[in-house]
Each structure stands twice: as structure tokens, then as C-alpha cells.
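Descriptive structure summary
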Amino acid sequence: MIKHMIASAMIMASVSTYAQIKVTEGTKFTTDAPLEKDEKLVLADDYNSYMFSVINIDGLMRNTFPHKKLLMRKLDQNGSLVDTYVKDYANKTNGVLHNYLGSQQIDDNTFVAFTEEYFGKENRKEVFQHVFSKKDGTFTTKSIAKYSIESANKSGTTYVVFSENGKYAAVFNDRYASKKTDNINDALVIDLRTLSPLWTKEISLSSDFVEKSLTLTNSGKIVLLRKAAGWKEAYKMELVSDTEDKDLPYDDKYIPEKLYAISKNDNDYLVAFGRKNQAVTLAGSTFGTVMMYDIRSGKGVISTTNLSGSKDMSDVKVIKTIVKDNEVLMAVQQESVIRPLPTAMNRFPDPEYRLDTGVLIKFSPEGSVKQFVPLGSNPAGRRIQVIESGNTLYVSSFYPKGVFGNTGFSMKSFDFASLVPKELVTDYRGKNFFMNYGFTDGNLIRFVPDTNKLMFVEKENKDFRMINLYNFIK
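Residues numbered from 1 in each chain as written. Predicted model: local features only at pLDDT ≥ 70, side-chain atom pairs only at ≥ 80, totals over all residues. Heavy atoms only, no water.

1. Concerning the side chain of glutamate 238
Following the sequence through the fold, glutamate 238 ends up in strand β17 (residues 235-240). The exposure class assigned to glutamate 238 is buried, which follows from its relative accessible area of 7%. (Helix = DSSP H or I, 4+ residues; strand = E, 2+ residues; numbered from the N terminus. Buried < 20%, exposed > 50% of the residue type's maximum accessible area, 1.4 Å probe, protein only.)

2. A short note on the pattern of salt bridges
A side chain of one charge can pair with a side chain of the opposite charge if their charged atoms are brought near each other. What the rule picks out here adds up to 29 salt bridges. Residues glutamate 122 and arginine 124 are paired through a salt bridge, measuring 2.7 Å at the closest nitrogen-oxygen approach. Here glutamate 244 makes a salt bridge to lysine 221, at a shortest N to O gap of 3.1 Å. On the criterion of sequence distance, the pair formed by glutamate 244 in the loop between β17 and β18 (245-248) and lysine 221 in the loop between β15 (209-216) and β16 (222-228) is long-range, its members being 23 residues apart. On the basis of relative accessible area, glutamate 244 is assigned to the partly exposed category, the value being 21%. Accessibility expressed as a relative area gives 25% for lysine 221, which makes it partly exposed. Each of the salt bridges in this network shares a partner with another, and the network as a whole consists of Glu117, Glu122, Arg124, Glu126 and Lys146. (Salt bridge = Lys/Arg side-chain N within 4 Å of Asp/Glu carboxyl O.)

3. A closer look at the pairing of strand β26 (residues 369-374)
By the bridge criterion, 5 bridges tie strand β25 (residues 352-363) to β26 in an arrangement that is antiparallel. From the neighbouring strand, valine 359 faces β26, where its bridge partner is proline 374. Hairpin geometry of β25 and β26 is characterised by an intervening segment of 5 residues between the two adjacent antiparallel strands and by a positive phi of about 110° at glycine 367. (Pairing = 2+ DSSP bridges.)

4. Quick look at the sheet that holds strand β5 (residues 68-75)
Read across the open sheet, the 4 strands follow the order β3-β4-β5-β6; overall the sheet is antiparallel. In this open sheet, the two edge strands, each paired with only one partner strand, are β3 (36-42) and β6 (81-88). Shown here is a sheet whose adjacent strand axes are inclined to one another by a mean of 15°, direction ignored. (Axes fitted to C-alpha atoms, helices over the stretch in contact; angles between N-to-C directions.)

5. With respect to the sheet that holds strand β22 (residues 299-304)
Pairing in this open sheet of 4 strands is antiparallel, and the strands run β19-β20-β21-β22 from one edge to the other. Here the strands that pair on one side only, and so sit at the sheet edges, are β19 (255-264) and β22. Strand-to-strand twist in this sheet, taken as the mean axis angle between neighbours without regard to direction, amounts to 20°.

6. As for the nonpolar core
Of all hydrophobic cores here, the largest spans 18 residues; its most connected members are Phe433, Phe434, Leu454 and Phe472. Looking at this core, the elements that each hand over two or more residues are β29 (407-415), β33 (445-448), β34 (453-460) and β35 (463-470). Apart from the residues within four sequence positions on either side, phenylalanine 433 is in contact with Val23, Thr426, Tyr428, Phe456, Ile467 and Leu469. Counting 17 residues, the second-largest nonpolar core is a separate cluster that includes Val271, Leu307, Val328 and Val332. (Core = buried A, V, L, I, M, F, W, Y, C linked by side-chain atoms within 4.5 Å. Contact = heavy atoms within 4.5 Å.)

7. Considerations on unusual backbone geometry
In this structure, the amide linkage connecting alanine 33 to the following residue, proline 34, adopts the cis form with an omega of 5°. In this fold, proline 34 is placed in the loop between β2 (29-30) and β3. Backbone geometry places asparagine 452, a non-glycine residue, at a positive phi of 50°. The backbone of asparagine 461 shows a phi angle near 55°, a positive value even though the residue is not glycine. Considering the arrangement of structural elements, one finds asparagine 461 in the loop between β34 and β35. Assessed through its relative accessible area of 65%, asparagine 461 is described here as exposed.

8. Focus: the packing of aromatic side chains
For any two aromatic rings, the description comes down to two numbers: the centre-to-centre distance and the angle of the planes. This structure, assessed with the given rule, holds 9 aromatic pairs. Seen from their ring centres, phenylalanine 52 and phenylalanine 111 are 4.7 Å apart, and the 40° between their planes marks the pair as tilted. Remark: phenylalanine 111 occurs in strand β8 (residues 110-119) and phenylalanine 52 occurs in strand β4 (residues 49-56); sequence separation between them is 59 residues. The pair phenylalanine 52 / phenylalanine 111 is uniform in exposure class, with both members buried. In this structure an aromatic cluster arises from ring pairing among Tyr50, Tyr85, Phe132 and Phe139. Above the ring of tyrosine 470, the side-chain terminus of lysine 22 is found at 4.9 Å from the ring centroid. (Phe/Tyr/Trp six-rings, centres within 6.5 Å; stacked < 30°, edge-to-face > 60°. Lys NZ or Arg CZ within 6 Å of the ring centre and 35° of its normal.)

9. Examining the environment of phenylalanine 273
Take phenylalanine 273: it is sitting in strand β20 (residues 267-275). Considering only alpha carbons, one finds phenylalanine 273 and methionine 291, 18 residues apart in sequence, at a separation of 6.6 Å.

10. Here we look at the pairing of strand β21 (residues 289-294)
Within β21, 6 of the 6 residues are buried, which leaves the element mostly enclosed by the surrounding structure. By the alternation rule, side chains of β21 split into Thr289, Met291 and Tyr293 and Val290, Met292 and Asp294, which are all buried. The pairing of β21 with β22 spans 6 bridges and is antiparallel. If you follow valine 290 over to β22, its bridge partner there is serine 303. Linking two consecutive strands that pair antiparallel, namely β21 and β22, is a turn of 4 residues; a positive phi of about 75° is found at glycine 298 within it.

11. Concerning the confidence of the model for the protein
Predicted confidence across the protein gives a mean pLDDT of 86, with 88% of residues reaching 70 or more. Looking over the protein, one finds the lowest element-wise mean pLDDT in helix α1 (residues 2-19), namely 37, and the highest in strand β12 (residues 168-174), namely 97. Considering only residues more than four positions removed or in separate chains, one finds that residues 1-18, a stretch of pLDDT under 50, has 3 contacts. Segment residues 402-406 is flagged for pLDDT under 50; beyond a separation of four residues in sequence, or across chains, it makes 3 contacts in the model. (pLDDT = per-residue confidence, 0-100.)

12. Looking at the environment of isoleucine 262
Within the secondary structure layout, isoleucine 262 lies in strand β19. Accessibility expressed as a relative area gives 1% for isoleucine 262, which makes it buried. In this structure, the C-alpha to C-alpha distance between isoleucine 262 and valine 328, residues 66 residues apart in sequence, is 9.3 Å. Setting aside residues no more than four positions away along its own chain, isoleucine 262 makes contact with Glu164, Asn218, Asn267, Asp268, Tyr269, Val271, Met292, Thr321 and Val328.

Shown next, in the form of C-alpha cells:
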């Protein structure tokens, strides 16, 4: 009996020890902020993690200033800086322009970034992929597409988009076209698992519509959103693949503004944010209605949402998609635009974009909006993060700490079925852990399930610091 009691006590002590909060803080490190953009915490496990960023600056000093760099910083288990790997993707040839197009983690070991260069004197444009391997600690660069252009000012626009499942990337070259030129563009879809082309072809499009945006399905097909040329208020959705090129019919009274491709039951769907008609636009939001569209059947279900009707709202960013029990949950974040007033030094200031309110939207199995849960305001202008664990969602948000304008971390948990929020209070040294750290960007938050570790990188001006929280999920 005594042996059983001792054994039980030892088990309880072990469980208690495991459940205790453990926090480690890495040493601060300095970056070239605000020049560095698109910071992401990637390739994370219990031993190392990496922070990616890019410098993509043009200007009068571009031939001497380190303006075009991909950076990968290696952090150790405690979050301290170990090494920095740098890829300069701009050569030193005068007249050659370079641009960063986007990036994505492929698997636990590999990260890829895409850039372009265009040279008016040679009438060419070229797209490169830069693959970083944490195993080798190197960037490997490869040219994947070359296009002819008229000049640097008439080079068209290159887009890179990724599928929601992370398996594919699409490089779409929207060629420059005058009124007398046929609307022909170039499409390349890459299988990221092998880093080889899935399909590529020239696409001939009708000249009475122009390309507005595009998305990539989880099966590697491109869907274009196209707007009528001129002043006519008309839109069309067009699907393109190696074997298809067809219009996707939908309610002609609906005006899509943003497309996002997802999958459910191995079928491709589109979630379109937009508006019902022009009369609604005058009194409501450009993104005030949402359509769940079944690509295979060609049927769409349109629902009204409470997405902001603010005149400053410019876009909807999809943060995460979760499919469970034939229902679709989307975490989205509204983006607003601020147009600064002209000054004597800058008569034409660039608009400023910032992320705003986050929202959870759940669709029923039939495709209508079933639940709509706002996540509160976001004066910090940073991206939220959504972590899924079983039937529980953990969502990072903004927390006002006091009257002096300090901001902190807030983590709310949501049961998937009800989406009722519950403030997550993690006691650490007698205080709520999250409220004592600055609110970070969602791209700088990661969860490692194997060790139940939440990691995030604080950012304050040029200084960064990694925080690790063990036993995050009880």
C-alpha cells in the first residue's frame, strides 16, 4: 500500500512538473529595420528557428547601398542569435532593376523566395527562385523564367501566389499590352515539393477585360479575377490550367473584389469577398458580402457579413483556413489604407496600408455564413496568428495595457463548435504572461506541438528578442 502511495505521489509530482510554465528569453539582436520587411519566424523546431526578412529598397544610392538582400537569421534553442545568412539578389550591373516577389516555407528544412530582374536595354525580364536549406545553411539560386519586354517602363507586372495547402506556387507574368496588342500572358505553376514545373503556358485572354488579381487552387489551377476595361462595372472569374481555360459563371449581380482558393472534401472552392451591387456599395462595404463558390458544380452561395464599411478599407487578408466536419472556418483580417496629405518635400506621398480588425467566419456545410466573430480592434496594425490544437483555436490579438499607450499580448482560446472567446491567462511569476510582453506580429509567432512550446519574437524599433513559453497548452 505504501509503495502504491509513493508511486502515485511520484506520478503526480511528475505531472505537476511537466505542467509548470517555463520561459526562456534570448539575447536581443539588432536588424536594419525599418529597411528590412516581411519578417517571418520559419523552420522552427525545438533546437533552432530562423527569422527571414528582406531588404527591397530602390533609390539614388542603389548601386552602393545594400538594398536587395534576403536574410535568414539562425536562433538557438533559447532564442539567441547564432548566425546570419545573407543572399544579395541584385547584381552590380547599372540599369538592371530587381524586385522581391514573395516567399514561403516548403517543409521543415526548406524555404523559398522569388525575385525578378528586368533590364530595359536588353528587353528582358527574368524570375529567380532562391532556396534556403537549414541543413546546409545556404541559399541556392536558379533562374526559372525569362520574358521579353519592350522596356523597363513597359515590362508588365509579375505576380507570385501560393496555394493554401502550401504545395504549389504560381508565377504569373501580366505582360504590358497597348490597345492594339493582344492580351497574352505567361503562367508557370511550380510543385514546391520537387521545385519543378507542374505546368507552364502562354494564356490568351479577351482584351475587353483586364486582370485585377489571381489566386491558386490546391490542385494547382489559376483563377483570375478580371474587370471590364473602361468604366463599365463588370467582372468575370476565369480558371486556367494546363488543360483548361474557361469562365466560371456566377450571379451577375454579385461583384467580387477578392478571391481566395480553398479545398473541402478534395474539391476546389473559391471564397470571394465583394458586394452585391452598386446600390449596396454606396451605403455599405465593398467587402460586405461573401460568396462560397464550388468550382466543380459552378454554384455559389452568397451571404451578408459585417465586414467594415469604412471608406478606408482596402483589402481582406486571409490568415488561416480550417476545415472540420464539412464546415469551413476562415480567420481574416481587414486592411485599411491611409493617404497622407502632400507636403512641400513630398507632393505625392505613397499610401500607407495597415492591418486592422480580425474576424473569424464560419461557413455551414452548404456554404452560407454560419458564425461571424470580430476579434476586436488592432491599433498596433499587426498580423494576428491562429494556432489549432484539437477542437480549440488559440488566437493572438491586441491588448491595451494602460493609459500611457503601452501595448501587450492577448491570447484568446475558442472552442471550434461555439467560437465563444475565452481570455487565456497564463500565470507566470504572479502575473499574466502575455500582458507583460509587447504584441508581436503574427508572422513572428510559432507553436511547436512536439514540445508544447509557443515561441514569438518581440520587435521594438531595430531590436528583436525571442521568447519561448513551454507548456503553453494545458
